[in-house]
Amino acid sequence: MSRLDSFIRRLEAQRSLLDWAAAAVTDRPGLILEVGLGNGRTYDHLRAKLPGRDIYAFDRANNANPASLPPPDRLVLGEFADALPAFARQHPGQAVLIHADAGLGDPAANVVQVRQVAAMIPPLAASGAIILSDQRFEHPDLLLQDAPVTIPKNRYYVFIRK
Ligand SMILES: C[S@@+](CC[C@H](N)C(=O)[O-])C[C@H]1O[C@@H](n2cnc3c(N)ncnc32)[C@H](O)[C@@H]1O
């Protein structure tokens, strides 16, 4: 498989899971969190699928396409290590869907970040919340699920908050 094939498969998996998760929380009140705004593509997708919902996006810097920019009061700039625990103190357990797309290119740094982010997710999430991640979290409060839609193995992960 070429790198282009691999990239397309990853994006297809991401979209399929976002569509499934958005439908699953349509009738469930609560916050939606986008951990890693980046260019804003997946934020924009969530916004389109969940109109009118409170969607907060986190990133260390605003590099989003202007067309995909959250309102200022929904954009949380800063390092995850600071911003996510602070947000959890303000909005404990209020998220019903968290999408984390923040894998790092440096494998060693990625291991550290995945462990840190995994620990910061549970205080943000309501019981039963859906967490989608490009990285596999290991945390006793995050239960790994079989993907509810057909996606390539180990491309994306689905967890339910205990
Ligand atoms: C892969 S991009 C997200 C892409 C996004 N899902 C999209 O569709 O455009 C990951 C983002 O996470 C942010 N990020 C990674 N590690 C971070 C950290 N420790 N604190 C804050 N932001 C971080 C990066 O700045 C980057 O914009």
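Note: the structure precedes this text.
Since the structure is predicted, the reported quantities are computational estimates derived from the model, not experimental observations. (Residues numbered from 1 in each chain as written. Predicted model: local features only at pLDDT ≥ 70, side-chain atom pairs only at ≥ 80, totals over all residues. Heavy atoms only, no water.)

1. Some details on the nonpolar core
1) Next: Leu33, Phe58, Phe80, Phe87, Ile98, Ile131 and Phe137 are the most contacted members of the largest nonpolar core, which has 28 residues in total.
2) Next: Elements supplying a minimum of two residues to this core: β1 (31–35), β2 (55–59), α3 (80–90), β4 (95–100), α4 (107–120), β5 (125–133) and β7 (157–161).
3) Next: Per-element tally for this core: the top contributor is α3, with 5 residues.
4) Next: Ranked by size, the runner-up nonpolar core spans 23 residues in total, among them Ala13, Leu37, Ala64 and Leu97. (Core = buried A, V, L, I, M, F, W, Y, C linked by side-chain atoms within 4.5 Å. Buried < 20%, exposed > 50% of the residue type's maximum accessible area, 1.4 Å probe, protein only. Helix = DSSP H or I, 4+ residues; strand = E, 2+ residues; numbered from the N terminus.)

2. Considering the side chain of Asp59
1) Next: Take Asp59: it is sitting in strand β2.
2) Next: Buried charged residue Asp59 carries no salt bridge. Nearest counter-charge: Arg60, at 5.7 Å.
3) Next: Of the polar contacts made by the side chain of Asp59, one reaches the backbone nitrogen of Ala61; its length is 3.3 Å.
4) Next: In contact with Asp59, other than residues within four places in its own chain, are Gly36, Leu37, Gly38, Val76, Leu77, Gly78 and Phe80. (Lys, Arg positive; Asp, Glu negative; His and termini not counted. Salt bridge = Lys/Arg side-chain N within 4 Å of Asp/Glu carboxyl O. Polar contact = N/O pair within 3.5 Å; in protein donor to acceptor, adjacent residues only side chain to side chain. Contact = heavy atoms within 4.5 Å.)

3. Considering α3
1) Next: Turning to α3, its buried residues are Phe80, Ala83, Leu84, Phe87 and Ala88. Down the axis, α3 shows its buried residues gathered within 130 degrees of arc, on one side only. Exposed and oriented more than 90 degrees from the buried face of α3 are Asp82, Arg89 and Gln90.
2) Next: Buried-residue contacts for α3 involve β1, β2, β3 (75–77) and α4. (Arc of directions from axis to C-beta.)

4. Some points on the sheet that holds β4
The strands making up a sheet are joined through hydrogen bonds of the backbone, oriented either antiparallel or parallel.
1) Next: Taken in spatial order, the 7 strands of this open sheet run β3-β2-β1-β4-β5-β7-β6, and their pairing is mixed. Both outer strands of the open sheet, β3 and β6 (142–145), are each paired with one neighbouring strand and no more. Across the sheet, the mean angle separating the axes of adjacent strands is 20 degrees when strand polarity is ignored.
2) Next: Packing of helix α1 (residues 3–25) onto the sheet brings it into contact with β1, β4, β5 and β7, and relative to β5 it is tilted by some 165 degrees.
3) Next: Contacts between α3 and the sheet are confined to β1, β2 and β3, with β2 contributing the most and set at about 155 degrees to the helix. (Pairing = 2+ DSSP bridges. Axes fitted to C-alpha atoms, helices over the stretch in contact; angles between N-to-C directions.)

5. Remarks on the site of the ligand
1) Next: Residues in close proximity to the ligand total 16 residues, the closest being Thr42, Asp59, Phe80, Asp101 and Gln113.
2) Next: One nitrogen or oxygen atom from the main chain of Leu37 is found 3.4 Å from an oxygen atom belonging to the ligand.
3) Next: In this structure, a nitrogen atom belonging to the ligand sits 2.7 Å away from a side-chain N or O atom of Asp101.
4) Next: Protein chains bury 82% of the 600 Å² of accessible surface belonging to the ligand in isolation.
5) Next: The residue inventory of the shell around the ligand, partitioned by class, reads 3 nonpolar, 7 polar and 6 charged. (Near = heavy atom within 4 Å. Areas by Shrake-Rupley, 256 points an atom, 1.4 Å probe, with all protein chains shown as cover. Nonpolar A, V, L, I, M, F, W, Y, C, P; charged D, E, K, R; others polar.)

6. Quick word on the pairing of β2
1) Next: Burial analysis of β2 places 5 of its 5 residues in the buried class, the great majority of the element.
2) Next: The alternating pattern of β2 places Ile55, Ala57 and Asp59 on one face and Tyr56 and Phe58 on the opposite face, and all of these are buried.
3) Next: Note: β1 against β2, 4 bridges, orientation parallel. By the bridge assignment, Leu33 is partnered in β2 with Tyr56.
4) Next: The parallel pair β1 and β2, bridged by helix α2 (residues 41–49), forms a crossover whose chirality is right-handed. (Right-handed = clockwise from strand over helix to strand, strands pointing away.)

7. Overview of unusual backbone geometry
1) Next: Positive phi outside glycine occurs at Asn154, with the angle close to 60 degrees.
2) Next: Residue position: Asn154 is located in the loop between β6 and β7.

These figures come from the coordinates and say nothing about function on their own.
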